Amino acid sequence: MNAKLSALAICLMMSVLVAVAPAQQLGGQMPADVAAPTHQPAAHGQPAPAETQPTSQPGQQPVVSDRTFLERDGAVIVEVESVPPAGDWQAETDLKGYTGRCYYTWRGADLFNQPGQGAMGYRIRIVTPGRYNLRLHNRHDFDDATEENDVWTRMDDGKWTKCYSSWRGRWVWHSAHEHSHDEKVPASYELTAGDHVFYLSGRSKNFSVDRFVLYRGGNEHAGKPLMEGPESAMLPERTPSPAVPDLPAGAEQLPKVADAWREGMLGEAYFFSRRPRTSAGADVLAAVEHYAVTQQEAISKLAEEAPLAAAAMMRQLARQLAPAPHAGRMVPLAAQWENSPAGKDARAATDLLTEARKLAADLPDAKAAATQPALQARYDEVLPRIAARIDAIRTRFPETRARAFAETLAGELGIGQQ
Ligand SMILES: [Ca+2]
């Protein structure tokens, strides 16, 4: 198999590993938090866009990731290929300068009035509410930079909005939302704390998207260092339900409590319910207590198999529950998992896997290498470096989750046991 094909195969395989198969989505059963978000939809604070429609076409269910990317320090970074390509999106690797395994190009027709075709949904969990800038790592190569330069974007059940870039012929982060012909602004969303789903769908043919970043900050340049960073941590597939429970009946009478609860800030709700003592307040305290205990139990069960993922989830739970006293016992637990022998092994194995994947992304095409000595030299230099890292994972960290991903990579590159 030549290297380009194999890179694509790996790309697709990784996508399938981390995402719901499209067929499952086409069954008509959307995950509960897509069909009916637990949290208030993000307030977009914008007038009705000129070129959008409220919903996608019937029969065009989006492909939605079943993992959730976690915001950390005000940023979420996601490779577009973390969800399998939907509709006429195609995974490609020809235009170097992308990150991760590949990028997606819309190879279907122009859909200037039909948002929601080939829609892909990316689950994200926001801890710090606020206005988040959206930047797509994108590229379009048509001679006229104002053509073939856009994609549809949507947050939760908000409006589909055209997102475009004005630069052609190279990978850029420029991303503007066109709310109307007179209102073209840097793309951004107001996000509440809690879970959201960000969607992309095809608009202009030959437009490519590689990864996207959502980051807090006031200006264009604040997110620049983030764009070079690694993809955000994810919750694993078997994540215990992160949905915030319903507000206890009666707590509507406590406006501060109800507001905090709807924002997903259960610790704040707990704090505001303590005094004065009321029966509605007591119900809130009991509900938070129950949520804290059940979530902690569920996450603890994951800790042995996936100590780092469990630690990340526990830290998220602690943030959600601060300043309630429950949060205080969760952070040391997360640190304990991270610093355990299994946690340290998982970190080291993950670091090796990341290195191997980065090298694999730069591996020249094997066929091209066979006819070009310079490429062949590079191929011969890079492949053993990938093999060395895979071998290190096999021998030093055979029990980690990274091992399975390393074997997939080895299989695709034809790297056998050493
Ligand atoms: Ca990518």
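Residues numbered from 1 in each chain as written. Predicted model: local features only at pLDDT ≥ 70, side-chain atom pairs only at ≥ 80, totals over all residues.

Engineer: So, the environment of Tyr199: which residues are in play, and what are the values?
Structural biologist: For Tyr199, the location among the structural elements is in strand S12 (residues 194-201). Assessed through the 24 C-beta atoms surrounding it within 10 Å, Tyr199 is described here as buried. Between the C-alpha atom of Tyr199 and that of Met120, which follows or precedes it by 79 residues, the distance is 5.4 Å. For Tyr199, the residues in contact, after removing those within four places along its chain, are Pro62, Ala119, Met120, Gly121, Thr153 and Arg154. (Helix = DSSP H or I, 4+ residues; strand = E, 2+ residues; numbered from the N terminus. Buried ≥ 20, exposed ≤ 12 C-beta atoms within 10 Å, placed from the backbone. Contact = placed C-beta atoms within 7 Å.)

Engineer: Got a sec to walk through the packing of helix H5 (residues 255-262) against helix H6 (residues 266-273)? Specific residues and values, please.
Structural biologist: Relative to each other, H5 and H6 sit at 165 degrees, their axes nearing to 7 Å. In terms of their interaxial angle, H5 and H6 are classed as roughly antiparallel. The element H5 and its partner H6 pack so that their crossing is left-handed. Listed contacts from H6 to Lys256, Val257, Ala260 and Trp261 of H5 are Leu266, Glu268, Ala269, Phe272 and Ser273. For the contact of H5 with H6, the per-class residue count stands at six nonpolar, one polar and two charged. (Axes fitted to C-alpha atoms, helices over the stretch in contact; angles between N-to-C directions. Parallel < 35°, antiparallel > 145°, perpendicular 65-115°, else oblique. Left-handed = near helix turned anticlockwise from the far one by under 90°. Nonpolar A, V, L, I, M, F, W, Y, C, P; charged D, E, K, R; others polar.)

Engineer: Tell me what's going on with the nonpolar core, and back it up with residues and numbers.
Structural biologist: Leu214, Ala269, Ala310, Met314, Ala356 and Ala406 are the most contacted members of the largest nonpolar core, which totals 103 residues. With 10 residues, helix H8 (residues 307-321) is the single largest residue contributor to this core. Leaving out residues up to four positions away in the same chain, Ala356 has contacts with Ile386, Arg389, Ile390, Ala406 and Leu409. (Core = buried A, V, L, I, M, F, W, Y, C linked by C-beta atoms within 7 Å.)

Engineer: Give a detailed account of the environment of Val151, specifying residues and quantitative values.
Structural biologist: With respect to the helices, strands and loops of the structure, Val151 is situated in strand S7 (residues 150-155). According to the C-beta neighbour criterion, Val151 is buried, with 26 such atoms within 10 Å. A sequence separation of 36 residues divides Val151 from Pro115, and the C-alpha atoms of the two residues are 8.9 Å apart.

Engineer: If you had to explain the pairing of strand S4 (residues 103-106) to someone new, which residues and values would you point to?
Structural biologist: Of the two faces of S4, the one lined by Tyr103 and Thr105 and the one lined by Tyr104 and Trp106 are each fully buried. Examined bridge by bridge, strand S3 (residues 89-92) and S4 share four bridges and lie antiparallel to one another. Across the sheet, Ala91 pairs through a bridge with Tyr104, a residue of S4. One ladder, built from two bridges, connects S4 with strand S13 (residues 208-216); its direction is antiparallel. (Pairing = 2+ DSSP bridges.)

Engineer: An account of the confidence of the model for the chain is needed here, citing residue identities and associated values.
Structural biologist: When pLDDT is averaged across the chain, the result is 81; 81% of the residues are at 70 or more. In this model residues 1-7 is a low-confidence stretch, pLDDT under 50, and it forms 16 contacts with partners more than four residues away in sequence or in other chains. Counting interchain partners and residues more than four positions distant, the pLDDT-below-50 stretch residues 237-241 has six contacts. (pLDDT = per-residue confidence, 0-100.)

Engineer: Quick rundown of H8? Include the residues and the values.
Structural biologist: In a regular helix each residue adds 1.5 Å, so 15 residues correspond to 21 Å; H8 covers 21 Å between its end C-alpha atoms and thus fits that length. Of all the 15 residues making up H8, 14 are buried; the element is thus mostly covered by neighbouring parts of the structure. (Expected span 1.5 Å × (residues − 1).)

Engineer: Go over unusual backbone geometry with me, naming the residues and quoting the values.
Structural biologist: Cis geometry marks the peptide bond from Arg275 to Pro276, where omega comes out at -10 degrees. Not every positive phi belongs to a glycine, and Asp156 is a case in point at roughly 50 degrees. Along the chain, the position of Asp156 falls in the loop between S7 and strand S8 (161-164). On the neighbour-count criterion, Asp156 (21 C-beta atoms within 10 Å) is buried. The residue Asn206 is not glycine, and still its phi comes out positive at about 70 degrees. Inspection of the secondary structure puts Asn206 in the loop between S12 and S13.

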